[in-house]
Amino acid sequence: LLNVPGFEGYDLTSLRVCQIFGSPAPPALLDRWREIAPGVVFMNSYGQTEMTPLGSSISGEELDKRPDSVGRSMLPVELKIFGPDDKELPVGEVGEIVARGPNMMRGYYKEEEKTAQTQRGGWHHTGDLGRMDEEGYLYFVDRLKDMIKTGGENVASADVEVSLFRHPKISDVAIIGLPDEVWSEAITAIIVPVPGQSLDEEEVIAWCKENMARYKVPKKVIVVDALPRNPSGKVLKRDLRKKYGSSEGHSE
């Protein structure tokens, strides 16, 4: 919406609440919204369809103090962070977000094996990575399948995306890992420029080297007109990995 020509001139006085859901909202994006809609209350929420659908939420002054949090659990939902051994991790450590409560699904239709794996130990395993602070606030890190292993480091694609959203010429971005002989996976930025602006690989990589840790800097940058999304607005990273996973996919 922010890229609609003249959007800042629209009458938004009837707008009271904006709920963020489905993927992390970069602070830079929230700042732009607050400039054009200063009276709106923003909510950040986390959940899944399998949780029908909310598990946590945060809004107002709480969100202002913790702009990167998705809130505390919404009773009667329990949220924890588990390690690979399905045991709870200490406060602050990154692991898989798990949940239980009366709002959890009964199972995947005709997929008993997948249901058993997802709901093992009485907890719904979300496939998402997160951490919890000492006050019980949840911080979404990345989806397990989107974590990039590059040069011996684990890099959360969401971390790199949040940084790139601060670039004044970038309107939309998705970070994926592509097979690479040297790095195992090469951090690749698929970017959409702000309308009327032009960007190239060298400019973006130079900016990244100045604004993020070296091991998070993309090795490749691909400029596109738009990112593929599903009906709920989530970026289809599997489509991007399939399209650009071969050597001929980097010419766009």
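Not measured: the values here are computed from a predicted model.

Q: Residues and numbers for unusual backbone geometry, please.
A: A cis amide bond links L75 to the next residue, P76, at an omega of 10°. Phi at K110 takes a positive value of approximately 60°, unusual for a residue other than glycine. Residue position: K110 is located in the loop between strand 6 (95-100) and helix 3 (112-118). Since its relative accessible area comes to 70%, K110 is described here as exposed. You will see that S184, though not glycine, has its phi angle at about 75°, which is positive.

Q: Give me the lowdown on the sheet that holds strand 12 (residues 184-193), citing residues and values where you can.
A: Strand order in the open sheet formed by 3 strands is 11-12-13, with mixed pairing between adjacent strands. The sheet is open, and its two edges are formed by strand 11 (170-180) and strand 13 (220-223), each paired on a single side. Strand-to-strand twist across the sheet, computed as the mean angle between neighbouring axes with direction ignored, equals 25°. Examined bridge by bridge, strand 11 and strand 12 share 10 bridges and lie antiparallel to one another. Paired with A174 across the strands is I190, a residue of strand 12. Most of the contacts of helix 4 (residues 157-164) go to strand 11, to which it runs at about 145°, and overall it touches strand 11 and strand 12.

Scoring rules and cut-offs
- Residues numbered from 1 in each chain as written.
- Predicted model: local features only at pLDDT ≥ 70, side-chain atom pairs only at ≥ 80, totals over all residues.
- Heavy atoms only, no water.
- Helix = DSSP H or I, 4+ residues; strand = E, 2+ residues; numbered from the N terminus.
- Buried < 20%, exposed > 50% of the residue type's maximum accessible area, 1.4 Å probe, protein only.
- Pairing = 2+ DSSP bridges.
- Axes fitted to C-alpha atoms, helices over the stretch in contact; angles between N-to-C directions.
- Contact = heavy atoms within 4.5 Å.

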